[in-house]
Amino acid sequence: MLSTVLLQAAGNLGLGYGVAALGAGLAALGAGVGIGRIGGSALEGIARQPEAAGDIRANMILTAALVEGAAFFAMVVGLLVVFKS
Amino acid sequence: MQINKILKLKISTLIFALLFVINSTFAQDHANSENSGKPKKFDAGETITEHIIDAHEWHIVTLGNKVVALPLPIIIYNPNSGLDFFMSSKFDEEAVYNNYKLIDGKIKVVAEDGKTIDEAKSSSIIDFSITKNVLAIFVSVAIMLFIFISVANTYKKAPGATPKGLQSFIEPIIIFVRDDVAKASIGKKYERFMPYLLTVFFFIWINNLLGLIPILPGGANVTGNIAVTLTLAVLTFIIILFSGNKHYWRHILAMPGVPAWVLFLLTPIEILGVFLRPFVLMIRLFANISAGHIIALSFFSLIFIFGEMSTGLGFGVSIVSVAFTVFMMFLELLVAFLQAYVFTLLSAIYFGAAVEDGHHEHEEEHAGQVAHH
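Residues numbered from 1 in each chain as written. Chains lettered and ligands numbered in written order. Predicted model: local features only at pLDDT ≥ 70, side-chain atom pairs only at ≥ 80, totals over all residues.

Run through the overall build of chain B, naming residues and quoting values.
Across its full length, chain B carries 14 helices and seven strands. The buried share of chain B, reckoned over its 373 residues, is 25%. A fraction of 61% describes how many contacts in chain B between residues 6 or more apart in sequence connect residues 24 or more apart. (Helix = DSSP H or I, 4+ residues; strand = E, 2+ residues; numbered from the N terminus. Buried ≥ 20, exposed ≤ 12 C-beta atoms within 10 Å, placed from the backbone. Contact = placed C-beta atoms within 7 Å.)

Have a look at this one:
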């Protein structure tokens, strides 16, 4: 009886880790695309208008930080899954 | 209940989960070797956790079986017997001192039979100990006091003179925070926020840099500790709450120029946003700094994982590992500055939104146009 319960628990544990890892991976994917696009556009902007490089760079870092924030929400959800399982 | 307790996971297991793949491949017989007399197998998850979490002693080096560590004072308030004060070296070699025992970094009360742990009493004690992180904060505070008092004195002695020494290093950074962070995002009323912004910027930056130093005065993961980042985020939150003007609160509670039925949706989101902003500030700093430490330690762990397979392989991998770690350290130097900058910049932008003057006439005009169409 105990062994089956333990087995079940171990199965759930594995699943929880797997799903959390998947969630973290997807969040990293989304944030990667987002930050990549920000960086790309910022470089284009700087290439067109090198005198605005300072302003563009500050805004780029700020936007990247906000995109990162969205990824952190996903990370927190992943953490909750790990803690729960 | 028993199983529930087993399944209750701590932060340490989370880090273990991050390294799950490495561990499951190389540490399968870990459980077996623990009971037999053989030396314990290298456990990457455990090693990394030990390095990034807070501790009651400051571990320096382990030579063979001998642990060299700086003992730290332990201060416990026990509701039954009052305050207890002793050094953490009393806990060496899993000793029981004064009915206290250190288990996995937590101080527990031992029951009267001297062996089992009294969970009820353990949860009633309050631990005020000077832990590794607390001492590291003291160190960084001492460094900051030295830097800023000496720089301020040079200004007092020779006002208007050309900056020299430490002054010429600090002045551009203070001007950067003032012009590019505070003035740019707060506007006219930036001056009253400058003390907080500068303090938080230099506190985060210096602690990030100290965290990168592997030996004693550094090496503690202060800004990668969620309690520290929580405190910083709560400070920002309190300042936003108290400096928010009428205009700011009106925009949160009832956005002008928005139809009433949309407000049912918008106002809860805006109120949630007020709490989410400091929450993300907390998570961002914590995750970025902890991730940096975990990556550097993972590269070092690779040496020992391969070294257990064969010594030659360990030496071979160490070259690659050290090269990668050096590269990561350069990246972390950038991240240390960037995270201090981002925390300060976002705080400044939130303060700026809170103290911004309203453009009421313009908005009402705009609202009228919306109603017209």
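Account for the pairing of strand 6 (residues 106–109) of chain B, with residues named and values stated.
Residues and elements named next belong to chain B. Where strand 5 (residues 100–103) meets strand 6, four bridges bridge the pair, whose relative direction is antiparallel. In the sheet register, Lys101 faces strand 6, and the bridge partner there is Lys108. Hairpin connection from strand 5 to strand 6: two residues lie between these consecutive antiparallel strands, with Asp104 at a positive phi of about 50 degrees. (Pairing = 2+ DSSP bridges.)

An account of the nonpolar core is requested, with residue identities and associated values reported.
Ala182 and Ala348 of chain B are the most contacted members of the largest nonpolar core, which has 47 residues in total. Secondary structure elements with two or more residues in this core: helix 1 (2–48) and helix 2 (53–84) of chain A together with helix 8 (166–186), helix 9 (194–212), helix 10 (226–243), helix 12 (260–309) and helix 13 (311–355) of chain B. Looking at which element gives the most residues to this core, the answer is helix 13 of chain B, with twelve residues. Ignoring anything within four residues of it in the chain, the contact list for Ala348 of chain B reads Val181, Ala182, Ser185, Ile186, Phe193 and Leu197 of chain B. (Core = buried A, V, L, I, M, F, W, Y, C linked by C-beta atoms within 7 Å.)

Could you give an account of helix 5 (residues 44–52) of chain B, naming the residues involved and the relevant values?
Every buried residue belonging to helix 5 of chain B is among Ala44, Gly45, Ile48, Thr49 and Ile52 of chain B, and all of these are buried. Buried residues along helix 5 of chain B cover an arc of 125 degrees about the axis, so they all sit on one side. (Arc of directions from axis to C-beta.)

An account of the sheet that holds strand 3 (residues 73–78) of chain B is requested, with residue identities and associated values reported.
Residues and elements named next belong to chain B. Pairing is antiparallel across the open sheet formed by three strands, whose spatial order is 4-3-7. Taken across any chain shown, the strands that pair with only one partner, and hence form the sheet edges, are strand 4 (82–87) and strand 7 (126–127). The sheet contact formed by strand 3 and strand 7 spans two bridges and is antiparallel. Residue Ile76 lies in a different strand from strand 7, and its bridge partner there is Asp127.

How would you sum up helix 8 of chain B? Please name residues and give values.
All names here are of chain B. Counted at 1.5 Å a residue, the expected span for helix 8 with its 21 residues is 30 Å, and the 28 Å between its end C-alpha atoms agrees. Along its length, helix 8 reaches its greatest deviation from straightness, about 25 degrees, at Arg178. Where helix 8 is buried, its residues meet helix 9 and helix 13. A positive phi of about 95 degrees marks Gly187, the residue just after helix 8. (Expected span 1.5 Å × (residues − 1). Bend = angle between axes of the 7 residues up to and from the residue.)

Residues and numbers for the environment of Gly32 of chain A, please.
All names here are of chain A. Structurally, the position occupied by Gly32 is in helix 1. Judged by local crowding, Gly32 falls into the exposed class, with 12 C-beta atoms found within 10 Å. For the pair Gly32 and Glu68, spaced 36 residues apart in the sequence, the C-alpha separation amounts to 8.9 Å.

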